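Structural features, examined
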Amino acid sequence: SYMKTRGVRVHGHPLAWGNVEWHLPSWLWDSYCPASEKFALEQASGVAIPGHDLRFPMGVKEKGRDDFTWPEAWKAVFERLSEDEVSALCPTFFAKMNELVDRRIRDIAAAYGDRVDSWDVCNEASLDFHGQPVTGRPFQVSPRFGVTAGDLCYRAFKTAEEVLPTKAWYNINDYQMDENYVAQVKDLLANGCRIDWDR
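Residues numbered from 1 in each chain as written. Predicted model: local features only at pLDDT ≥ 70, side-chain atom pairs only at ≥ 80, totals over all residues. Heavy atoms only, no water.

**Comments concerning the overall build of the protein**
Scanning the protein from terminus to terminus reveals eight helices and six strands. When the helices and strands of the protein are listed from N to C terminus, the series reads α-β-β-α-α-α-α-α-β-β-β-α-β-α. Here the C-alpha radius of gyration of the protein, 18 Å, is about what a compact globule of 199 residues would show, namely 16 Å. With respect to the principal axes defined by its C-alpha atoms, the protein has extents near 55 × 35 × 30 Å. For the protein, the proportion of its 199 residues judged to be buried stands at 45%. Counting contacts in the protein only where the partners sit at least 6 residues apart, residues at least 24 apart contribute 68% of the total. (Helix = DSSP H or I, 4+ residues; strand = E, 2+ residues; numbered from the N terminus. Rg over C-alpha atoms; globule rule 2.2 N^0.38 Å. Buried < 20%, exposed > 50% of the residue type's maximum accessible area, 1.4 Å probe, protein only. Contact = heavy atoms within 4.5 Å.)

Below you can see the structure in the form of structure tokens.
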């Protein structure tokens, strides 16, 4: 590419993020959750998960309306139902969410993998870290985003290691450099993820 021929180091940002506007948009719920699953979740929880109104960011309420935002709705769901109950009610949606995260990384790797020197494999995920990254669950509960793909960082790193060149650097990007971030990095390393910071 033009940049590489001029000796510019190219960095990719990011491969996986739980954000509900840019990486895991709430219209996935509109498009991929069957009506039967939406109805079952609403009946069991008493909460209607909002569809995506393109006029408003997902964290913003329309003036004069008291509807839940996307994160608020999921918070209310988990106040009333367990994670196991939610998993059982919406299996199609969560499976699709995970499939699309994996596909995104594979598509990016196929298009740009050998032209990029380093990647932010996972972005701003330490706040969503709750202990052990490898749970096998189909989703994570996120205080900011409501729900994100299951084991988001762990799965992103493992997919990146599978499809990206080994010469690339694999990083985590985060602004929250606290004990939660340190714990997340240690657990990812302990579970076999390659995170580069000393090359």
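**Observations regarding the packing of aromatic side chains**
Per the counting criterion, the structure on display carries ten aromatic pairs. Between F78 and F139, the aromatic rings sit 5.6 Å apart at their centres with planes inclined by 35 degrees, giving tilted as the arrangement. Of this pair, F78 sits in helix α4 (residues 70-80) while F139 sits in strand β4 (residues 139-142), placing them 61 residues apart in sequence. Residue F78 shares its accessibility class with F139, and that shared class is buried. Judged by centre distance (4.4 Å) and plane angle (35 degrees), the rings of F94 and F139 are tilted. Of this pair, F94 sits in helix α6 (residues 91-112) while F139 sits in strand β4; the two residues are 45 residues apart in sequence, bridging distant segments of the chain. You can call F139 buried: its relative accessible area is 1%. Connected via pairs of aromatic rings, a cluster forms that spans W29, W70, W74, F78, F93, F94 and F139. If you follow R194 out to its NZ or CZ, it ends over the ring of Y170, 4.0 Å from the centre. (Phe/Tyr/Trp six-rings, centres within 6.5 Å; stacked < 30°, edge-to-face > 60°. Lys NZ or Arg CZ within 6 Å of the ring centre and 35° of its normal.)

**Observations regarding the state of the cysteines**
All told, the structure shown has one disulfide when counted by the stated rule. Looking at C90, it has no disulfide partner, and the nearest cysteine sulfur is the one in C33, 4.7 Å off. Take C193: it sits in no disulfide, and the sulfur closest to it among the cysteines is that of C153, at 8.5 Å. (Disulfide = S-S within 2.5 Å.)

**Details of the pairing of β4**
Summarising the sheet, β4 and strand β5 (residues 146-149) pair through four bridges and their orientation is antiparallel. From the neighbouring strand, V141 faces β5, where its bridge partner is V147. Here β4 hands over to β5 after three residues, the two strands then running antiparallel side by side. (Pairing = 2+ DSSP bridges.)

**Things to note about the nonpolar core**
W29, L41, I49, W74, V86, F93 and F157 are the most contacted members of the largest nonpolar core, which totals 53 residues. The element best represented in this core is α6, accounting for eight residues. Not counting chain neighbours up to four residues away, the residues in contact with F93 comprise L28, W29, Y32, C33, E37, W70 and W74. (Core = buried A, V, L, I, M, F, W, Y, C linked by side-chain atoms within 4.5 Å.)

**A short note on α6**
Over its 22 residues, α6 extends 32 Å from the first C-alpha to the last, a length consistent with the 32 Å expected when each residue adds 1.5 Å. Those residues of α6 not exposed but buried are F93, F94, K96, M97, N98, L100, V101, I105, I108 and A109. (Expected span 1.5 Å × (residues − 1).)

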